[in-house]
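As a plain string of letters, each chain reads:
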Amino acid sequence: EAAVTQSPRNKVAVTGGKVTLSCNQTNNHNNMYWYRQDTGHGLRLIHYSYGAGSTEKGDIPDGYKASRPSQENFSLILELATPSQTSVYFCASGDDGTGGSGNTLYFGEGSRLIVV
Amino acid sequence: SQWGEENLQALSIQEGEDVTMNCSYKTYTTVVHWYRQDSGRGPALIILIRSNEREKRSGRLRATLDTSSQSSSLSITAAQCEDTAVYFCATTGGYKVVFGSGTRLLVSP
C-alpha cells in the first residue's frame, strides 16, 4: 500500500494556467518535500515543510508556491505555468532521522507535467 | 563524481563486474544517504552511512564516507542486470535534504 501518493500522475497544462500538484502521505512524518527532476538531471528541491502550516523555500522556489494544510497533505502550486516548468515532480515525506539515521525520504511515484 | 546541477553521469559495465560511484558534498552532514531510482519510479533508500562510520555494508553494497574530504562512495560487488538504475547520494542540513546529480548505471549481460 503506497504511503506517499501523488495526483495527478500526468498533466498537460497551458502556459499561464494554474496547476496544483497534490501529495498525501500516510507515514505520519512531519517533513514533506517537493522536488523536480528534468531529463538527464538529478533532483532539485523546490519547497519543503517541517509540519502542518509551515512551508520553506528550497533551492529553486521561483515560480512555485506550496501549501501544507495538514500533516498528511502537501501541495505544489504553479500560479502561472510556463513551458520551463515542464518536468517530473516528486513528493516525499521524511522521518526526522530518529536514531541518528538522518532524514530518510520516502517518495511518491511522480507527477509528469507538460506545459504547452 | 556527482553533485548539484551537474548532468547525470553514466556508467556501463558487464554483469559480474564491480563498480564504484562517487559523491562529493558541499555542506556539513552527519549522514549520507544513497538512493536508487528505477525507471519511472521514485527514488528509494538503499543504504545510509553515518559520520562516525567509515564503511557500511549491506549485501553486495558497500558505502564509504570521508568527512575530512566531504566525499562518499557506493560500490556494488558482482553487479547484476537488475542493478541497472540511477543512483543518488543525498545529504541533510537541518530539515533540508539535497541530492547529488546522480549516476545512471547500466549493467549488461
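Residues numbered from 1 in each chain as written. Chains lettered and ligands numbered in written order. Predicted model: local features only at pLDDT ≥ 70, side-chain atom pairs only at ≥ 80, totals over all residues. Heavy atoms only, no water.

Undergrad: Would you mind showing me how to read the environment of Ile 77 of chain A here?
TA: Residue and element names in this part refer to chain A. One can find Ile 77 in strand β8 (residues 73–78). In this structure Ile 77 comes out as buried when scored by relative accessible area, which is 14%. In the structure, Ile 77 is positioned 18 residues away from Asp 95 in sequence and 24 Å away in space, judged by C-alpha atoms. Setting aside residues no more than four positions away along its own chain, Ile 77 makes contact with Lys 18, Val 19, Thr 20, Gly 63, Tyr 64, Lys 65 and Ser 67. (Helix = DSSP H or I, 4+ residues; strand = E, 2+ residues; numbered from the N terminus. Buried < 20%, exposed > 50% of the residue type's maximum accessible area, 1.4 Å probe, protein only. Contact = heavy atoms within 4.5 Å.)

Undergrad: Please clarify how the interface of chain B and chain A should be interpreted in this entry.
TA: Taken residue by residue, the interface counts 24 residues in chain B and 25 residues in chain A. Counting every contact that joins chain B to chain A gives two salt bridges. Between Asp 59 of chain A and Lys 96 of chain B there is a salt bridge, and its shortest N-O distance comes to 2.7 Å. Counting across the chain B and chain A interface gives seven residue pairs in polar contact (both at pLDDT 80 or more). Residue assignment for the side of chain B that touches chain A shows that the elements contributing at least two residues are β3 (31–37), β4 (44–50), β8 (85–93) and β9 (96–99) of chain B. Residue composition of the side of chain B that touches chain A, by class: 11 nonpolar, eight polar and five charged. (Salt bridge = Lys/Arg side-chain N within 4 Å of Asp/Glu carboxyl O. Polar contact = N/O pair within 3.5 Å; in protein donor to acceptor, adjacent residues only side chain to side chain. Nonpolar A, V, L, I, M, F, W, Y, C, P; charged D, E, K, R; others polar.)

Undergrad: Is there a simple way to think about the pattern of salt bridges in this case?
TA: A pair can form between side chains of opposite charge whenever their charged atoms are brought close. The full count for this structure, using the stated rule, is 10 salt bridges over all chains. Note that Glu 109 of chain A and Arg 41 of chain B form a salt bridge whose closest N and O atoms lie 2.6 Å from each other. Pair noted here: Glu 109 of chain A is in the loop between β10 (105–107) and β11 (111–115) and Arg 41 of chain B is in the loop between β3 and β4, and the two residues belong to different chains. For Glu 109 of chain A, a relative accessible area of 29% gives the class partly exposed. With a relative accessible area of 44%, Arg 41 of chain B lands in the partly exposed category. Through salt bridges with shared partners, one network takes in Arg 36, Asp 38 and Arg 44 of chain A.

Undergrad: I keep staring at the sheet that holds strand β6 (residues 61–66) of chain B and nothing clicks. Help me out?
TA: Within a beta sheet, neighbouring strands are joined by backbone hydrogen bonds and run either parallel or antiparallel to one another. All names here are of chain B. Taken in spatial order, the four strands line up as β2-β7-β6-β5 in an open sheet, and their pairing is antiparallel. With partners counted over all chains shown, the strands left at the sheet margins are β2 (19–24) and β5 (55–58), one partner each. Ignoring which end each strand starts from, the neighbouring axes of this sheet average 15° apart. Bridge count between β2 and strand β7 (residues 71–76): six bridges; the pairing is antiparallel. Bridged to Met 21 within β7 is Leu 74. (Pairing = 2+ DSSP bridges. Axes fitted to C-alpha atoms, helices over the stretch in contact; angles between N-to-C directions.)

Undergrad: Would you mind showing me how to read the environment of Leu 45 of chain B here?
TA: Here Leu 45 of chain B shows up in strand β4. Linking Leu 45 of chain B and Leu 11 of chain B, residues 34 residues apart in sequence, is a C-alpha distance of 20 Å. Residue contacts for Leu 45 of chain B: discarding those within four places in its chain leaves Thr 104 of chain A together with His 33, Trp 34 and Tyr 35 of chain B.

Undergrad: How do you make sense of the confidence of the model for chain B when you look at a structure like this?
TA: Residues shown with low pLDDT carry predicted positions that ought not to be read at fine detail. Overall, the predicted model of chain B reaches an average pLDDT of 90, with 94% of residues at or above 70. This model gives residues 1–5 of chain B a pLDDT under 50, and the stretch forms 32 contacts once residues within four places in sequence are excluded. (pLDDT = per-residue confidence, 0-100.)

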